[in-house]
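Residues per chain are reported as follows:
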Amino acid sequence: MRILIKGAGVTGLTAAYALARRGLQVEVSERCALPGPGASHCAGGMLAPWCEGETAPDRVVEAGKLSIDWWTDVLPHLVRRNGTLVVAPARDTQELERFANRTSHFKWLGEDEIARLEPALSGRFRRGLFFPGEAHLDPRSALAGLYEKLLEHGVTFHFNAPEHPEAGFSKVVDCTGKTAIRSGSGLRGVRGEMLHLRTPDIRLSRPVRLLHPRFPLYVVPQSNRRFMVGATMIESENEGAISARSLMELLNAAYALHPAFGEAEVLETASGIRPAYADNIPAAHGTGKHISINGMYRHGYLMAPALAEELAEWLVQSHHALEAAQ
Ligand SMILES: Cc1cc2nc3c(=O)[nH]c(=O)nc-3n(C[C@H](O)[C@H](O)[C@H](O)COP(=O)(O)OP(=O)(O)OC[C@H]3O[C@@H](n4cnc5c(N)ncnc54)[C@H](O)[C@@H]3O)c2cc1C
(Lines give C-alpha, C1' and ligand atoms only; values in the text may rest on other atoms or scores of the structure.)
Protein backbone atom coordinates (compact mmCIF):
# COMPACT_ATOMS: atom_id res chain seq x y z
CA MET A 1 0.00 0.00 0.00
CA ARG A 2 1.56 3.32 -1.12
CA ILE A 3 0.29 6.28 0.85
CA LEU A 4 0.70 9.96 0.10
CA ILE A 5 0.44 12.38 3.00
CA LYS A 6 -0.15 15.98 1.98
CA GLY A 7 1.20 18.51 4.46
CA ALA A 8 4.21 18.24 6.75
CA GLY A 9 2.77 19.93 9.83
CA VAL A 10 2.36 18.07 13.09
CA THR A 11 -0.72 16.28 11.71
CA GLY A 12 0.99 15.03 8.56
CA LEU A 13 4.25 14.07 10.26
CA THR A 14 2.57 12.13 13.08
CA ALA A 15 0.35 10.32 10.55
CA ALA A 16 3.41 9.51 8.43
CA TYR A 17 5.22 8.18 11.48
CA ALA A 18 2.35 5.97 12.65
CA LEU A 19 2.05 4.50 9.13
CA ALA A 20 5.79 4.10 8.48
CA ARG A 21 6.24 2.41 11.85
CA ARG A 22 3.77 -0.25 10.71
CA GLY A 23 5.84 -0.89 7.61
CA LEU A 24 3.59 0.94 5.14
CA GLN A 25 5.18 2.77 2.22
CA VAL A 26 4.75 6.50 2.88
CA GLU A 27 5.61 9.64 0.93
CA VAL A 28 4.98 13.16 2.19
CA SER A 29 4.38 16.19 -0.03
CA GLU A 30 4.76 19.67 1.41
CA ARG A 31 3.89 22.95 -0.26
CA CYS A 32 6.86 24.76 1.32
CA ALA A 33 10.58 24.10 1.38
CA LEU A 34 10.80 22.66 4.92
CA PRO A 35 8.69 20.58 7.30
CA GLY A 36 6.34 22.41 9.66
CA PRO A 37 6.05 25.96 8.34
CA GLY A 38 2.32 26.34 9.17
CA ALA A 39 0.40 26.63 12.44
CA SER A 40 2.59 23.88 13.89
CA HIS A 41 5.53 26.30 13.86
CA CYS A 42 3.69 28.77 16.13
CA ALA A 43 2.45 26.37 18.80
CA GLY A 44 3.32 26.36 22.48
CA GLY A 45 3.79 22.59 22.56
CA MET A 46 1.62 22.13 25.65
CA LEU A 47 0.33 18.60 26.17
CA ALA A 48 -2.37 19.66 28.60
CA PRO A 49 -5.46 17.44 28.29
CA TRP A 50 -6.97 18.30 31.67
CA CYS A 51 -6.48 22.05 31.34
CA GLU A 52 -7.90 21.91 27.82
CA GLY A 53 -10.83 19.98 29.30
CA GLU A 54 -12.01 23.32 30.67
CA THR A 55 -13.62 23.91 27.29
CA ALA A 56 -12.88 20.74 25.30
CA PRO A 57 -15.01 17.55 25.37
CA ASP A 58 -13.95 14.15 26.78
CA ARG A 59 -12.79 12.94 23.37
CA VAL A 60 -10.02 15.55 23.41
CA VAL A 61 -9.07 14.85 27.02
CA GLU A 62 -8.88 11.09 26.45
CA ALA A 63 -6.91 11.35 23.21
CA GLY A 64 -4.70 13.98 24.78
CA LYS A 65 -3.72 11.70 27.66
CA LEU A 66 -2.45 9.13 25.13
CA SER A 67 -0.42 11.77 23.32
CA ILE A 68 1.83 12.37 26.32
CA ASP A 69 2.98 8.74 26.23
CA TRP A 70 3.18 8.79 22.44
CA TRP A 71 5.53 11.78 22.34
CA THR A 72 7.56 10.33 25.21
CA ASP A 73 7.91 7.07 23.34
CA VAL A 74 8.90 8.69 20.02
CA LEU A 75 11.00 11.66 21.18
CA PRO A 76 11.81 10.99 24.85
CA HIS A 77 14.53 13.63 25.11
CA LEU A 78 12.09 16.41 24.13
CA VAL A 79 9.18 15.77 26.47
CA ARG A 80 9.10 17.50 29.86
CA ARG A 81 6.61 15.80 32.17
CA ASN A 82 6.56 18.52 34.79
CA GLY A 83 2.84 19.33 34.81
CA THR A 84 1.11 22.68 34.36
CA LEU A 85 0.70 25.48 36.88
CA VAL A 86 -2.40 27.69 36.67
CA VAL A 87 -2.49 31.03 38.47
CA ALA A 88 -4.58 34.21 38.33
CA PRO A 89 -3.83 37.86 39.02
CA ALA A 90 -5.19 39.02 42.41
CA ARG A 91 -8.18 40.76 40.76
CA ASP A 92 -9.18 37.56 38.90
CA THR A 93 -8.91 34.89 41.61
CA GLN A 94 -12.56 33.90 41.03
CA GLU A 95 -11.31 32.69 37.65
CA LEU A 96 -9.33 29.99 39.48
CA GLU A 97 -12.52 28.68 41.14
CA ARG A 98 -14.29 28.71 37.79
CA PHE A 99 -11.38 26.86 36.13
CA ALA A 100 -11.27 24.31 38.96
CA ASN A 101 -15.02 23.67 38.61
CA ARG A 102 -14.59 22.80 34.95
CA THR A 103 -11.45 20.61 35.15
CA SER A 104 -10.05 17.60 37.03
CA HIS A 105 -6.74 15.95 38.01
CA PHE A 106 -5.32 19.01 39.77
CA LYS A 107 -4.19 19.99 43.26
CA TRP A 108 -4.84 23.33 44.91
CA LEU A 109 -1.57 25.02 45.88
CA GLY A 110 -0.89 27.77 48.41
CA GLU A 111 1.76 30.46 48.12
CA ASP A 112 4.53 28.31 49.64
CA GLU A 113 3.79 25.35 47.42
CA ILE A 114 3.83 27.57 44.34
CA ALA A 115 7.22 28.90 45.45
CA ARG A 116 8.54 25.34 45.90
CA LEU A 117 7.35 24.36 42.44
CA GLU A 118 8.47 27.51 40.67
CA PRO A 119 10.91 29.51 42.82
CA ALA A 120 10.80 32.36 40.28
CA LEU A 121 7.15 32.95 41.20
CA SER A 122 7.79 33.08 44.94
CA GLY A 123 5.49 35.60 46.63
CA ARG A 124 3.66 36.49 43.43
CA PHE A 125 0.46 34.38 43.68
CA ARG A 126 -1.48 33.31 46.76
CA ARG A 127 -3.23 30.30 45.21
CA GLY A 128 -2.84 28.16 42.14
CA LEU A 129 -3.84 24.88 40.53
CA PHE A 130 -1.26 22.24 39.66
CA PHE A 131 -1.98 19.59 37.00
CA PRO A 132 0.85 17.11 37.69
CA GLY A 133 0.07 14.70 34.83
CA GLU A 134 0.55 17.21 32.02
CA ALA A 135 3.65 17.78 29.89
CA HIS A 136 5.15 20.03 27.25
CA LEU A 137 7.69 19.85 24.44
CA ASP A 138 9.46 22.27 22.13
CA PRO A 139 7.25 22.08 19.03
CA ARG A 140 9.91 23.07 16.50
CA SER A 141 12.35 20.49 17.84
CA ALA A 142 9.53 17.94 17.78
CA LEU A 143 8.83 18.63 14.10
CA ALA A 144 12.55 18.39 13.30
CA GLY A 145 12.84 15.20 15.37
CA LEU A 146 9.90 13.55 13.63
CA TYR A 147 11.31 14.53 10.24
CA GLU A 148 14.63 12.85 11.10
CA LYS A 149 12.85 9.71 12.31
CA LEU A 150 10.79 9.56 9.13
CA LEU A 151 13.92 9.77 6.99
CA GLU A 152 15.36 6.89 9.03
CA HIS A 153 12.19 4.90 8.28
CA GLY A 154 12.72 5.49 4.56
CA VAL A 155 9.89 7.97 4.09
CA THR A 156 10.34 10.12 0.96
CA PHE A 157 9.64 13.85 1.16
CA HIS A 158 8.64 16.08 -1.76
CA PHE A 159 9.14 19.73 -0.80
CA ASN A 160 7.86 22.73 -2.78
CA ALA A 161 5.19 20.33 -4.04
CA PRO A 162 1.70 21.84 -3.53
CA GLU A 163 0.21 19.74 -6.36
CA HIS A 164 2.04 16.45 -6.00
CA PRO A 165 0.51 13.87 -8.40
CA GLU A 166 -1.76 11.31 -6.70
CA ALA A 167 -1.54 8.63 -9.39
CA GLY A 168 -0.04 5.38 -8.11
CA PHE A 169 -1.03 5.96 -4.48
CA SER A 170 -3.73 3.80 -2.96
CA LYS A 171 -4.52 6.37 -0.26
CA VAL A 172 -4.06 10.13 -0.08
CA VAL A 173 -4.22 11.65 3.40
CA ASP A 174 -4.86 15.39 3.35
CA CYS A 175 -3.24 17.11 6.35
CA THR A 176 -3.03 20.56 4.79
CA GLY A 177 -4.43 22.47 7.78
CA LYS A 178 -5.81 25.90 6.94
CA THR A 179 -5.38 25.36 3.19
CA ALA A 180 -8.41 23.07 3.40
CA ILE A 181 -10.59 25.94 4.66
CA ARG A 182 -12.96 26.54 1.80
CA SER A 183 -16.66 26.51 1.27
CA GLY A 184 -18.09 23.08 2.00
CA SER A 185 -15.13 21.81 4.07
CA GLY A 186 -16.85 22.74 7.34
CA LEU A 187 -13.58 24.28 8.53
CA ARG A 188 -13.02 27.79 9.78
CA GLY A 189 -9.88 29.56 10.97
CA VAL A 190 -9.09 30.67 14.52
CA ARG A 191 -6.11 32.98 14.51
CA GLY A 192 -3.58 32.61 17.30
CA GLU A 193 -0.91 35.22 17.93
CA MET A 194 2.15 34.61 20.02
CA LEU A 195 5.61 35.88 20.79
CA HIS A 196 8.93 34.52 21.90
CA LEU A 197 10.88 36.25 24.66
CA ARG A 198 14.36 35.54 25.96
CA THR A 199 15.59 36.40 29.40
CA PRO A 200 18.31 34.90 31.61
CA ASP A 201 16.53 36.30 34.72
CA ILE A 202 13.63 33.84 35.00
CA ARG A 203 13.65 30.08 35.17
CA LEU A 204 10.41 28.11 34.83
CA SER A 205 10.12 24.32 34.71
CA ARG A 206 6.63 24.02 33.27
CA PRO A 207 3.98 25.98 31.34
CA VAL A 208 2.24 28.55 33.50
CA ARG A 209 -1.29 29.60 32.58
CA LEU A 210 -2.44 32.99 33.70
CA LEU A 211 -6.22 33.02 33.81
CA HIS A 212 -7.78 35.92 32.04
CA PRO A 213 -11.50 36.55 31.48
CA ARG A 214 -11.15 36.93 27.69
CA PHE A 215 -8.67 34.31 26.50
CA PRO A 216 -6.21 31.87 28.07
CA LEU A 217 -2.72 33.29 28.33
CA TYR A 218 0.28 31.16 29.02
CA VAL A 219 4.05 31.19 29.16
CA VAL A 220 5.85 28.03 28.04
CA PRO A 221 9.54 27.63 28.88
CA GLN A 222 11.63 26.40 25.99
CA SER A 223 15.35 25.79 25.54
CA ASN A 224 18.03 28.53 25.75
CA ARG A 225 16.07 30.80 28.12
CA ARG A 226 13.40 31.22 25.49
CA PHE A 227 9.73 31.57 26.49
CA MET A 228 6.74 31.26 24.22
CA VAL A 229 3.91 33.59 25.27
CA GLY A 230 0.51 32.84 23.76
CA ALA A 231 -2.06 33.01 22.51
CA THR A 232 -4.95 35.00 21.16
CA MET A 233 -8.14 33.34 19.89
CA ILE A 234 -9.57 35.40 17.03
CA GLU A 235 -12.18 34.09 14.59
CA SER A 236 -10.27 34.87 11.40
CA GLU A 237 -8.46 33.17 8.54
CA ASN A 238 -6.14 36.12 8.03
CA GLU A 239 -2.60 35.24 9.11
CA GLY A 240 -0.92 38.67 8.85
CA ALA A 241 1.23 40.33 11.46
CA ILE A 242 0.35 40.37 15.16
CA SER A 243 -1.79 43.41 16.10
CA ALA A 244 -0.59 46.08 18.54
CA ARG A 245 -3.46 45.20 20.91
CA SER A 246 -2.54 41.52 20.96
CA LEU A 247 1.12 42.35 21.44
CA MET A 248 0.22 44.56 24.43
CA GLU A 249 -2.02 41.89 25.97
CA LEU A 250 0.58 39.15 25.61
CA LEU A 251 3.35 41.35 27.00
CA ASN A 252 1.08 42.44 29.86
CA ALA A 253 0.42 38.79 30.69
CA ALA A 254 4.12 37.98 30.74
CA TYR A 255 4.80 41.06 32.86
CA ALA A 256 1.97 40.15 35.26
CA LEU A 257 3.53 36.71 35.66
CA HIS A 258 6.94 38.19 36.41
CA PRO A 259 8.15 41.79 36.01
CA ALA A 260 11.57 40.56 34.81
CA PHE A 261 9.85 39.75 31.51
CA GLY A 262 9.78 43.52 31.05
CA GLU A 263 13.54 43.39 30.38
CA ALA A 264 13.36 40.35 28.10
CA GLU A 265 14.42 40.42 24.44
CA VAL A 266 11.50 40.07 22.02
CA LEU A 267 12.86 37.44 19.65
CA GLU A 268 9.85 36.83 17.48
CA THR A 269 6.17 37.62 17.00
CA ALA A 270 3.96 35.48 14.79
CA SER A 271 0.45 34.32 14.12
CA GLY A 272 -0.94 30.99 12.97
CA ILE A 273 -4.35 29.87 11.82
CA ARG A 274 -5.86 27.00 13.78
CA PRO A 275 -8.22 25.15 11.45
CA ALA A 276 -11.37 24.16 13.36
CA TYR A 277 -14.65 22.35 12.75
CA ALA A 278 -17.87 23.77 14.22
CA ASP A 279 -17.51 21.61 17.37
CA ASN A 280 -13.75 22.34 17.68
CA ILE A 281 -12.99 18.60 17.74
CA PRO A 282 -10.16 17.39 15.47
CA ALA A 283 -11.32 14.61 13.19
CA ALA A 284 -10.50 12.25 10.32
CA HIS A 285 -12.98 12.05 7.44
CA GLY A 286 -13.23 9.87 4.35
CA THR A 287 -13.09 6.15 3.73
CA GLY A 288 -12.15 5.82 0.06
CA LYS A 289 -8.88 6.87 -1.55
CA HIS A 290 -9.07 10.35 0.00
CA ILE A 291 -8.94 10.81 3.74
CA SER A 292 -8.46 14.06 5.63
CA ILE A 293 -7.24 14.74 9.15
CA ASN A 294 -7.96 18.30 10.08
CA GLY A 295 -9.69 20.72 12.42
CA MET A 296 -6.85 20.40 14.91
CA TYR A 297 -7.85 23.75 16.48
CA ARG A 298 -5.88 24.31 19.75
CA HIS A 299 -5.06 20.61 19.97
CA GLY A 300 -2.61 19.75 17.18
CA TYR A 301 0.18 18.40 19.39
CA LEU A 302 -2.33 17.04 21.86
CA MET A 303 -4.50 15.10 19.43
CA ALA A 304 -2.51 14.38 16.27
CA PRO A 305 -0.89 11.22 17.73
CA ALA A 306 -4.26 9.65 18.60
CA LEU A 307 -5.72 10.41 15.17
CA ALA A 308 -2.54 9.16 13.48
CA GLU A 309 -2.65 5.85 15.37
CA GLU A 310 -6.38 5.38 14.65
CA LEU A 311 -5.77 6.00 10.95
CA ALA A 312 -2.81 3.63 10.83
CA GLU A 313 -4.71 0.84 12.61
CA TRP A 314 -7.69 1.24 10.30
CA LEU A 315 -5.51 1.22 7.16
CA VAL A 316 -3.58 -1.86 8.27
CA GLN A 317 -6.77 -3.73 9.08
CA SER A 318 -8.44 -2.82 5.79
CA HIS A 319 -5.27 -3.87 3.95
CA HIS A 320 -5.32 -7.28 5.70
CA ALA A 321 -9.05 -7.65 4.95
CA LEU A 322 -8.38 -6.89 1.28
CA GLU A 323 -5.53 -9.41 1.14
CA ALA A 324 -7.67 -12.08 2.81
CA ALA A 325 -10.45 -11.51 0.28
CA GLN A 326 -8.07 -11.97 -2.69
C1 LIG B 1 -0.29 30.40 18.71
C2 LIG B 1 -0.68 28.94 18.74
C3 LIG B 1 -0.39 28.16 19.84
C4 LIG B 1 -0.71 26.81 19.87
N5 LIG B 1 -0.37 26.05 20.95
C6 LIG B 1 -0.67 24.71 20.96
C7 LIG B 1 -0.29 23.89 22.05
O8 LIG B 1 0.35 24.37 23.00
N9 LIG B 1 -0.62 22.57 22.03
C10 LIG B 1 -1.31 22.01 20.98
O11 LIG B 1 -1.59 20.82 21.02
N12 LIG B 1 -1.68 22.77 19.93
C13 LIG B 1 -1.37 24.10 19.89
N14 LIG B 1 -1.75 24.89 18.84
C15 LIG B 1 -2.52 24.27 17.76
C16 LIG B 1 -1.62 23.58 16.76
O17 LIG B 1 -0.52 24.40 16.44
C18 LIG B 1 -2.41 23.26 15.51
O19 LIG B 1 -3.57 22.55 15.86
C20 LIG B 1 -1.58 22.38 14.59
O21 LIG B 1 -0.33 22.99 14.34
C22 LIG B 1 -2.25 22.13 13.26
O23 LIG B 1 -1.36 21.30 12.58
P24 LIG B 1 -1.60 20.84 11.08
O25 LIG B 1 -0.47 19.97 10.73
O26 LIG B 1 -2.98 20.32 10.94
O27 LIG B 1 -1.54 22.21 10.25
P28 LIG B 1 -0.24 23.03 9.79
O29 LIG B 1 0.80 23.06 10.82
O30 LIG B 1 -0.76 24.34 9.30
O31 LIG B 1 0.34 22.17 8.60
C32 LIG B 1 -0.27 22.08 7.34
C33 LIG B 1 0.84 21.87 6.34
O34 LIG B 1 0.29 21.60 5.07
C35 LIG B 1 1.06 22.28 4.09
N36 LIG B 1 0.23 22.39 2.89
C37 LIG B 1 -0.80 23.22 2.65
N38 LIG B 1 -1.34 22.96 1.44
C39 LIG B 1 -0.62 21.94 0.89
C40 LIG B 1 -0.68 21.20 -0.34
N41 LIG B 1 -1.62 21.46 -1.26
N42 LIG B 1 0.21 20.21 -0.55
C43 LIG B 1 1.16 19.91 0.38
N44 LIG B 1 1.28 20.59 1.56
C45 LIG B 1 0.39 21.58 1.82
C46 LIG B 1 1.40 23.59 4.77
O47 LIG B 1 2.51 24.25 4.14
C48 LIG B 1 1.71 23.12 6.18
O49 LIG B 1 3.06 22.75 6.34
C50 LIG B 1 -1.40 26.24 18.77
C51 LIG B 1 -1.70 27.01 17.65
C52 LIG B 1 -1.33 28.35 17.61
C53 LIG B 1 -1.63 29.16 16.38
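So, how was this worked out
- Residues numbered from 1 in each chain as written.
- Predicted model: local features only at pLDDT ≥ 70, side-chain atom pairs only at ≥ 80, totals over all residues.
- Heavy atoms only, no water.
- Helix = DSSP H or I, 4+ residues; strand = E, 2+ residues; numbered from the N terminus.
- Contact = heavy atoms within 4.5 Å.
- Buried < 20%, exposed > 50% of the residue type's maximum accessible area, 1.4 Å probe, protein only.
- Lys, Arg positive; Asp, Glu negative; His and termini not counted.
- Salt bridge = Lys/Arg side-chain N within 4 Å of Asp/Glu carboxyl O.
- Polar contact = N/O pair within 3.5 Å; in protein donor to acceptor, adjacent residues only side chain to side chain.
- Expected span 1.5 Å × (residues − 1).

Re the environment of Phe157
Working step 1: You can see Phe157 is positioned in strand β8 (residues 156-158).
Working step 2: In the structure, Phe157 is positioned 32 residues away from Phe125 in sequence and 48 Å away in space, judged by C-alpha atoms.
Working step 3: Residues contacting Phe157, with those up to four places away along its chain left out, are Ala8, Leu13, Val28, Tyr147, Leu150 and Leu151.

A short note on the side chain of Lys171
Working step 1: If you trace the backbone, Lys171 turns up in strand β9 (residues 171-174).
Working step 2: For the buried Lys171, which has no salt bridge, the nearest side chain bearing the opposite charge is Glu166, at an N-O separation of 12 Å.
Working step 3: When residues no more than four places from it in sequence are discounted, the contact partners of Lys171 are Met1, Arg2, Ile3, Leu4, Thr287, Gly288, Lys289, Ile291, Trp314 and Leu315.

Quick notes on the pattern of salt bridges
Working step 1: In the structure shown here, the tally under the stated rule is 22 salt bridges.
Working step 2: When the shortest N-O distance is used, the salt bridge between Arg22 and Glu313 registers 3.1 Å. Of the two residues, Arg22 is situated in the loop between α1 (10-21) and β2 (25-29) and Glu313 in helix α8 (residues 300-325); the sequence distance between them amounts to 291 residues.
Working step 3: Under the relative-accessibility criterion, Arg22 is labelled partly exposed at 28%.
Working step 4: The residue Arg198 makes a salt bridge to Glu265 at a minimum N-O spacing of 3.2 Å. Separated by 67 residues along the polypeptide, Arg198 in strand β10 (residues 188-198) and Glu265 in strand β15 (residues 265-276) bring together distant segments of the chain.
Working step 5: Given a relative accessible area of 32%, Arg198 falls into the partly exposed group.
Working step 6: Sharing partners across several salt bridges, the network here consists of Arg21, Arg22, Asp73, Glu309 and Glu313.

Here's the deal with the side chain of Glu30
Working step 1: With respect to the secondary-structure elements, Glu30 resides in the loop between β2 and β3 (46-47).
Working step 2: At 5.2 Å, Arg31 is the nearest oppositely charged side chain to Glu30, a buried residue that forms no salt bridge.
Working step 3: Polar contacts involving the side chain of Glu30 include one to the main-chain amide nitrogen of Ala8, which spans 2.8 Å.
Working step 4: Setting aside anything within four residues of it in sequence, one finds Glu30 in contact with Gly7, Ala8, Gly9, Pro37, His158, Phe159, Asn160 and Ala161.

Regarding α1
Working step 1: When the terminal C-alpha atoms of α1 are compared, their 16 Å separation across 12 residues agrees well with the 16 Å that a helix rising 1.5 Å per residue should span.
Working step 2: In terms of burial, α1 is largely enclosed, as 11 of its 12 residues are buried.
Working step 3: Taken together, the buried positions of α1 are Val10, Thr11, Gly12, Leu13, Thr14, Ala15, Ala16, Tyr17, Ala18, Leu19 and Ala20.
Working step 4: Remark: Gly23 follows α1 within two positions and exhibits a positive phi of approximately 85°.

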